[in-house]
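Below are the chains, spelled out letter by letter.
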Amino acid sequence: MFNSLSDRLQGTFDKLRGKGRLTEDDINVAMREIRLALLEADVNFKVVKRFVASCKERCMTSEVLDSLTPSQNVVRIVLEELTELLGGTESKLTMAQNRTPNVIMLVGLQGSGKTTACVKLAYLLRKQGRNPLLAACDVYRPAAADQLETLGKEIGVPVFRGDGQHPVQIAKDSVQEAVDKLCDVVIVDTAGRLQIDEFMMQEAVDIKSAVRPDQVLMVVDAMTGQDIVNVVTEFAERTDFDGVIMSKLDGDARGGGALSVREVTGKPIKFVSMGEKPSSLEVFHPDRMARRILGMGDMYGIIDAAQEMADEEQARKAEKMLMQGLTMDDMLDQLQSIRKMGGLGKIISMLPGGDKLLGETPEAADEKQLVRIEAMIRSMTQEERDKPKIINGMRRQRIARGSGHTVQEVNALIKQWDEMNKMMGKMRSMMNSGNMNPKQM
Ligand code: GDP
């Protein structure tokens, strides 16, 4: 996700960090690079123009240029602007408190990931203590109702099908079914088409007026790039909706859609989906996403992931890592668990530079890269793995020889560990002091 954009932005910041003072020319060059990186990531050009103008205006002040740490200030400004571009703060799912059941309706094009998103949302809501019912109102796509039923069964959530009925009637009946079954929220899956079509829009409007959903969410495929904006705008005009579920962010989406949609359509991203499993839907946090794009790591994400670990052994390891710091063995352990797609693997992708270290997303981690890192760590003594700080020049040469790598590669690995470990250290001291403000990191 966002890998190439992330690399390019981080490259720009690395160049700035290499300079002590910054001139207006330096800022101009950096802003040009940011502009190109965003355009290449398929961000809408108007959005890019406004974004870069705003960053530039804030960077070209004497406060930034004459400060003791100008490059840090530039990074901070880009981080703030990026967070703002992604929506600023989390946009919560709002549902009437005095209504049972609440109704959430999902709309979107066929193939966007709508049916699976219904299931993922049900899974997430159940984790929050709700009791959902899924309503199969996509009666046109062959097997959509079967798919919903199979997935619903997998996560233990009931599915209302109403076979043979009109979708509006199924939606209405599903609300009654929820009352009978003591479910407190209905998630309505609606029909999708390959392209926007009048019939589909009208049906969505009809279902909406029949069941008056608390929230209508539009599912959009992140791979669509900035074309998302056109689709979202049309849906917004016809059916109107409250927010976006951005699906398939785990793929090699360049990020253009996710970065353009809020500003161009005014609709917030509420959830992102990062995989096919029912557990792969996450609440969207603009600040966390911005930090990940800029390679700063996602501290809250790590804490959430550690807390959610079902496997006791993994949860214990995650806690040890947070409390005692990261050893080379921990790093190896995480990389190995990525191979097995285990929970710990998720953590490394949220550490600073973690995505880069993996080469790709956790799901598609570059096997060769993992083998290389593993060989280097295995050439270290136990003492070196526990306390990588003791690895001096001589030892680095020995590790390089022993693992068949260059000293530069060993240096890069140790630097990577150092950055990750520093973040763990900051998290630890903030957790200990009870002050968990990621803005200070
Ligand atoms: P619908 O036609 O909009 O209902 O789409 P589906 O929910 O059937 O999804 C279409 C395909 O996309 C299925 O194969 C899903 O497994 C896949 N899919 C959905 N969301 C994601 C996601 O976040 N990541 C990945 N990798 N695949 C997804």
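Residues numbered from 1 in each chain as written. Predicted model: local features only at pLDDT ≥ 70, side-chain atom pairs only at ≥ 80, totals over all residues.

A. Seen up close, the sheet that holds strand 1 (residues 102-107). In space, the eight strands of this open sheet follow the order 3-2-4-1-5-6-7-8, with mixed pairing throughout. Unpaired on one side and paired on the other, strand 3 (159-160) and strand 8 (281-283) mark the two borders of the sheet. The sheet strands contacting helix 9 (residues 198-211) are strand 1, strand 4 (185-189) and strand 5 (215-221), and the helix crosses strand 1 at an angle near 175 degrees. (Pairing = 2+ DSSP bridges. Helix = DSSP H or I, 4+ residues; strand = E, 2+ residues; numbered from the N terminus. Contact = placed C-beta atoms within 7 Å. Axes fitted to C-alpha atoms, helices over the stretch in contact; angles between N-to-C directions.)

B. A look at the site of the ligand. In the neighbourhood of the ligand, 18 residues make up the surrounding shell, with Gly113, Lys114, Thr115, Thr116 and Ser273 lying closest. Ranked by the residues each element gives to the shell around the ligand, the list is headed by helix 6 (residues 114-127), at three residues. Of the residues in the shell around the ligand, the class split is one nonpolar, 13 polar and four charged. (Near = placed C-beta within 6 Å. Nonpolar A, V, L, I, M, F, W, Y, C, P; charged D, E, K, R; others polar.)

C. Broad picture of the UniProt feature "domain: SRP54-type proteins GTP-binding" (unreviewed entry) in the chain. With numbering matched to this structure, UniProt assigns "domain: SRP54-type proteins GTP-binding" (unreviewed entry) to residues 268-281. Helix makes up 0% of residues 268-281 and strand 43%, whereas the separation of the span's terminal C-alpha atoms amounts to 16 Å. (UniProt positions renumbered as here; feature names shortened; annotations may be inferred.)

D. Up close: the packing of helix 6 against helix 7 (residues 144-155). For the pair helix 6 and helix 7, the least separation of the axes is 10 Å and the interaxial angle reads 25 degrees. For the element pair helix 6 / helix 7, the angle class is roughly parallel. Handedness of the crossing formed by helix 6 with helix 7: right-handed. Two secondary-structure elements touch here, helix 6 through Thr115, Thr116, Cys118, Val119, Ala122 and Tyr123 and helix 7 through Ala144, Gln147, Leu148, Leu151, Gly152 and Ile155. (Parallel < 35°, antiparallel > 145°, perpendicular 65-115°, else oblique. Left-handed = near helix turned anticlockwise from the far one by under 90°.)

E. Examining the pairing of strand 6 (residues 243-247) more closely. Summarising burial for strand 6: five of the five residues are buried, a large majority. Of the two faces of strand 6, the one lined by Gly243, Ile245 and Ser247 and the one lined by Val244 and Met246 are each fully buried. One ladder, built from five bridges, connects strand 5 with strand 6; its direction is parallel. When the bridges of strand 6 are listed, Asp221 appears paired with Ser247. Bridging between strand 6 and strand 7 (residues 269-273) involves three bridges; their strand directions are parallel. Within strand 7, the position partnered with Ile245 by the bridge is Phe271. (Buried ≥ 20, exposed ≤ 12 C-beta atoms within 10 Å, placed from the backbone.)

F. Examining helix 9 more closely. Spanning 14 residues, helix 9 covers 20 Å between terminal C-alpha atoms, matching the ideal 20 Å at 1.5 Å per step. The complete set of buried residues in helix 9 reads Met200, Glu203, Ala204, Ile207, Lys208 and Val211. For helix 9, the arc enclosing every buried residue in end-on projection is 135 degrees, short of the 170-degree limit, so these residues lie on one face. Exposed side chains of helix 9 directed beyond 90 degrees from the buried face belong to Glu198, Phe199, Gln202 and Ser209. If you follow the buried residues of helix 9, they end up packed against strand 1, helix 8 (167-180), strand 4 and strand 5. Positive backbone phi, approximately 35 degrees, marks Arg212, located one or two places after helix 9. (Expected span 1.5 Å × (residues − 1). Arc of directions from axis to C-beta.)

G. Geometry of the packing of helix 1 (residues 3-17) against helix 2 (residues 24-40). The N-to-C vectors of helix 1 and helix 2 enclose an angle of 175 degrees; their axes lie 9 Å apart at closest approach. When the axes of helix 1 and helix 2 are compared, the pair comes out roughly antiparallel. Every residue of helix 2 that contacts helix 1 at Leu5, Arg8, Leu9, Thr12 and Leu16 is listed here: Asp26, Ala30, Glu33, Ile34 and Ala37. Its residues assigned to classes, the contact of helix 1 with helix 2 comprises six nonpolar, one polar and three charged.

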